[in-house]
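# Overview (structure and organization)
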Amino acid sequence: MTDKLIIFDTTLRDGEQSPGASMTKDEKLRIARQLERLRVDVIEAGFAASSNGDFEAVKSIADHIKDATVCSLARANDRDIGRAAEALKGAARSRIHTFIATSALHMEKKLRMTPDQVFEQAKLAVRFARNLCDDIEFSPEDGYRSDPDFLCRVLETVIAEGATTLNIPDTVGYAVPELYGEFIRTLRERIPNSDKAIWSVHCHNDLGMAVANSLAGVKLGGARQIECTINGLGERAGNCALEEVVMALRTRRDYFGLTLGIDATQIVPASRMVSQTTGFVVQPNKAVVGANAFAHASGIHQDGVLKARDTYEIMRAEDVGWAANKIVLGKLSGRNAFKQRLQELAIELESEAEINAAFARFKDLADRKSEIFDEDILALVSDESVTAVREHYRLVSLSQRSETGERPFASVVFAAGEQEHRAESDGNGPVDASLKAIESKLQTGVEMLLYSVNAITSGSTESQGEVTVRLQHSGRVVNGVGSDPDIVVASAKAYLAALNKLHSNVDRVAAQG
Ligand code: KIV
Ligand code: ZN
């Protein structure tokens, strides 16, 4: 058995299934490029058959990514598999990942199929997929809660049909480490041709054990692929967090004894990019990527770390990509210096037009904020106004008045398509007044599920505010993110960004639907 562990990132597929985390094609490509810099082995780019938007996103990632295998999810039917193969055509290396539920509960209640029908469909799907692609992954959905005898029958057959990876999902996050590890070991021992495929783990975090279960699947079960997402993004409580599982394997190589191809210095930039793009804020005490993950507050700890770092640190912050906040540029910096800093931060903007737009926003920011940090630049390039896509709703200007004892009032000018609107409203506070002003004009009837503000760089009120707004309309949930030194402006940008997502009308078939 090999000691190489495959890291399969599903941020862009299972992660994106998290309500509100849907991303545009350009956002997905930007994250895929960061995953390539992180050197993950497989990028699950989406679910090509679920919508035209997802098809285009998978296709664009397949066309651009050269170092990682690009994968598309497909239900176990010819149409889905055909769409996946079509979207992956341009990939240097491609994989089709097909799945069907195998637990009694899912087969009876969700699929309304008999076990024999599911068995037949899994077999035919893998046979069909193998004619289109050499690299086929098969997942028995809700595998961990499936009857082991039935599972062995299905898995033995799909291996015989040419599946090269077998993934055992704990779809509902029900497993506990020892039992999950043993479950995988038992399957591998019982299936006669099990050595013809790579075994993979896919754990959800409903009981907070996704990372522990994945590690047990590797250590006890002999799996050699882990499916995970940046920041543990994913439905409900999320998926196994890439940063945690990777750093556990690296820091405790003495125990796990496995090699990884990951460039860990790209972990924090990847985490930052995913959180800025989706609006899913990383909790400060989150392992590895949380703002406090390497902060020593107590005097005893600080004293220890100053004397000998390893008294309280098992990893080095710089090894996972935490650079000390650096003032990189100021208002006198020119376009070349800006472009070079983008390169150093591994930010690839598609065209000169995008670089110009980013530079214009940088100049604008530098006029209002004396110190520009790397985090500011990352926020700036995540801003929709920098990308070549012209968004439907755009903020033009905003003014607001608030005074102790007076009701706040805002006047907002924004564009909707080619038309410019001025809207005014009062509100409980300046943010409330600004968003009410926009709403008074558009009358969208959206429901706000979340509003949150964070400082992009910590430590001073000079920091830019990063606002996340989560809206719901007709059953769809979207997040919008906006940043600006003025949090009222950041809020209006975030609100319009969320409305743009609703406007873009991405309709998807749920992977587990
Ligand atoms: O959790 C799950 O079962 C999945 C499958 C589609 C692999 O995400
Ligand atoms: Zn999943």
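Below or above, wherever it landed, is the structure these notes cover. (Residues numbered from 1 in each chain as written. Chains lettered and ligands numbered in written order. Predicted model: local features only at pLDDT ≥ 70, side-chain atom pairs only at ≥ 80, totals over all residues. Heavy atoms only, no water.)

A cluster of nonpolar side chains, contributed by Met448, Tyr451, Val453 and Ile487, occupies part of the molecular surface with about 310 Å² of accessible area. Mapped onto the secondary structure, Ile487 falls in helix H17 (residues 487-503). The exposure class assigned to Ile487 is partly exposed, which follows from its relative accessible area of 37%. (Patch = residues over 30% accessible without salt bridge, like charges linked within 9 Å, V, L, I, M, F, W, Y side chains within 5 Å. Areas by Shrake-Rupley, 256 points an atom, 1.4 Å probe, with all protein chains shown as cover. Salt bridge = Lys/Arg side-chain N within 4 Å of Asp/Glu carboxyl O. Helix = DSSP H or I, 4+ residues; strand = E, 2+ residues; numbered from the N terminus. Buried < 20%, exposed > 50% of the residue type's maximum accessible area, 1.4 Å probe, protein only.)

A separate point is the site of ligand 1. Around ligand 1, the surrounding shell holds eleven residues, and the nearest of these are Arg13, Asp14, Thr171, His202 and His204. Within the side chain of Arg13, one N or O atom sits 3.0 Å away from an oxygen atom of ligand 1. Within the side chain of His204, an N or O atom sits 3.0 Å from an oxygen atom of ligand 1. Going through the elements one at a time, strand S4 (94-101) and strand S5 (136-141) are the ones with two or more residues in the shell around ligand 1. In terms of residue class, the shell around ligand 1 is built from two nonpolar, six polar and three charged. (Near = heavy atom within 4 Å. Polar contact = N/O pair within 3.5 Å; in protein donor to acceptor, adjacent residues only side chain to side chain. Nonpolar A, V, L, I, M, F, W, Y, C, P; charged D, E, K, R; others polar.)

On to the coordination of the zinc ion (ligand 2). Octahedral metal centres with six donors ideally show angles of 90 or 180 degrees, and tetrahedral centres with four donors ideally show 109.5 degrees. Coordination sphere of the zinc ion (ligand 2), protein contribution only: Asp14 (OD), His202 (NE2) and His204 (NE2), at 2.0 to 2.2 Å. Within one chain, the residues donating to the zinc ion (ligand 2) are spaced in sequence as D-x187-H-x1-H. Of this pair, Asp14 sits in the loop between strand S1 (6-9) and helix H1 (25-38) while His204 sits in the loop between strand S7 (198-203) and helix H8 (210-219), and the two are 190 residues apart along the sequence. Both residues of the pair, Asp14 and His204, count as buried. (Donors = N, O, S within 2.8 Å, 3.2 Å for Na, K, Ca; no water.)

Counting buried residues along S7, five of its six residues qualify, which places the element largely inside the surrounding structure. Relative to S7, strand S6 (residues 165-170) runs parallel, the two being bridged by six bridges. Residue Asn167 lies in a different strand from S7, and its bridge partner there is Ser200. Crossover S6 to S7 through helix H7 (residues 177-190) is right-handed. Bridge count for S7 against strand S8 (residues 225-228) is three bridges, and the pairing is parallel. Along S8, the bridge assignment pairs His202 with Glu227. Following the backbone out of S7, through H8 and into the adjacent parallel S8, one traces a crossover that is right-handed. (Pairing = 2+ DSSP bridges. Right-handed = clockwise from strand over helix to strand, strands pointing away.)

Let us now look at helix H16 (residues 430-442). In an α-helix, one turn spans 3.6 residues; hence positions three or four apart end up facing the same way. If you check H16, its first and last C-alpha atoms are 19 Å apart, about what 13 residues at 1.5 Å a residue would give, namely 18 Å. Taken as a whole, H16 has its buried residues at Val431, Ala433, Ser434, Leu435, Ala437, Ile438 and Glu439. Where H16 is buried, its residues touch strand S11 (393-401), strand S12 (409-416), strand S13 (419-426), strand S14 (447-455) and H17. Two residues or fewer past H16, Gln443 is found with a positive phi of approximately 50°. (Expected span 1.5 Å × (residues − 1). Contact = heavy atoms within 4.5 Å.)

Its 14 residues give H1 an end-to-end C-alpha distance of 20 Å, which sits within 8% of 20 Å, the value for a rise of 1.5 Å per residue. Burial analysis of H1 places twelve of its 14 residues in the buried class, which makes it a mostly covered element. Among the residues making up H1, those that are buried are Glu27, Lys28, Leu29, Arg30, Ile31, Ala32, Arg33, Gln34, Leu35, Glu36, Arg37 and Leu38.

One pass over the structure, following the stated rule, counts 36 salt bridges. For Asp135, the salt bridge goes to Arg95, with nearest N and O atoms at 2.9 Å. Of this pair, Asp135 sits in the loop between helix H5 (115-130) and S5 while Arg95 sits in strand S4, placing them 40 residues apart in sequence. In this structure, Asp135 and Arg95 share a single accessibility class: buried. Across the pair Glu352 and Lys339 runs a salt bridge whose closest N-O atoms are separated by 3.6 Å. With Glu352 in helix H14 (residues 352-368) and Lys339 in helix H13 (residues 335-344), this residue pair connects regions lying 13 residues apart in the sequence. Here the salt bridges share partners, and the residues they tie into one network are Asp364, Arg368, Asp484 and Lys493.

Attention now moves to the nonpolar core. Counting residues in hydrophobic clusters, the biggest one holds 95 residues, and the most contacted among them are Ile7, Ile96, Phe138, Leu155 and Ile226. Of the residues that make up this core, three or more belong to each of domain 1 (6-278) and domain 2 (294-324). The residues contacting Phe138, other than those within four sequence positions of it, are Thr98, Ile100, Ala122, Val126, Val154, Leu155, Val158, Ala163, Thr165, Leu166 and Asn167. Membership of the second largest hydrophobic core comes to 24 residues, among which are Ala416, Ile438, Ala492 and Leu499. (Core = buried A, V, L, I, M, F, W, Y, C linked by side-chain atoms within 4.5 Å. Domains from an automatic or database assignment.)

This part covers the sheet that holds S11. One open sheet accounts for three strands, arranged S11-S12-S13; its pairing is antiparallel. Every other strand in the sheet has two partners, leaving S11 and S13 as the edge strands with one partner each. Averaged over neighbouring strand pairs, the angle between their axes works out to 15° when direction is ignored. Relative to S13, S12 runs antiparallel, the two sharing eight bridges. Bridged to Val412 within S13 is Ala423. The strands touched by H16 are S11, S12 and S13; relative to S13, the strand with the most contacts, the crossing angle is about 130°. Sheet strands in contact with H17 are S11 and S12, and its direction is about 150° off that of S11. (Axes fitted to C-alpha atoms, helices over the stretch in contact; angles between N-to-C directions.)

Attention shifts here to the environment of Asp14. Taking the relative accessible area as the measure of exposure, Asp14 reaches 0% and is therefore buried. Taking the C-alpha atoms as reference points, Asp14 and Leu73, 59 residues apart in sequence, are found 9.5 Å from one another. In this structure the side chain of Asp14 is engaged in a polar contact, spanning 3.0 Å, whose partner is the side chain of Asn239.

It is worth spelling out unusual backbone geometry at this point. If you check the backbone angles, Asn231 has positive phi at about 60° while not being a glycine. Turning to its location among the elements, Asn231 is positioned in the loop between S8 and helix H9 (242-251). Unlike most non-glycine residues, Val288 shows phi in positive territory, near 70°. As for its position among the elements, Val288 is in the loop between helix H11 (267-278) and helix H12 (299-307).

Contact geometry of helix H6 (residues 148-160) with H7 gives a least axis separation of 10 Å together with a crossing angle of 55°. Relative to H7, H6 is oriented oblique. For the crossing formed where H6 meets H7, the hand is right-handed. Counted together, Pro148, Asp149, Leu151, Cys152 and Leu155 of H6 and Phe183, Leu187 and Arg190 of H7 form the full contact between these two elements. In terms of residue class, the contact of H6 with H7 is made up of six nonpolar, no polar and two charged. (Parallel < 35°, antiparallel > 145°, perpendicular 65-115°, else oblique. Left-handed = near helix turned anticlockwise from the far one by under 90°.)

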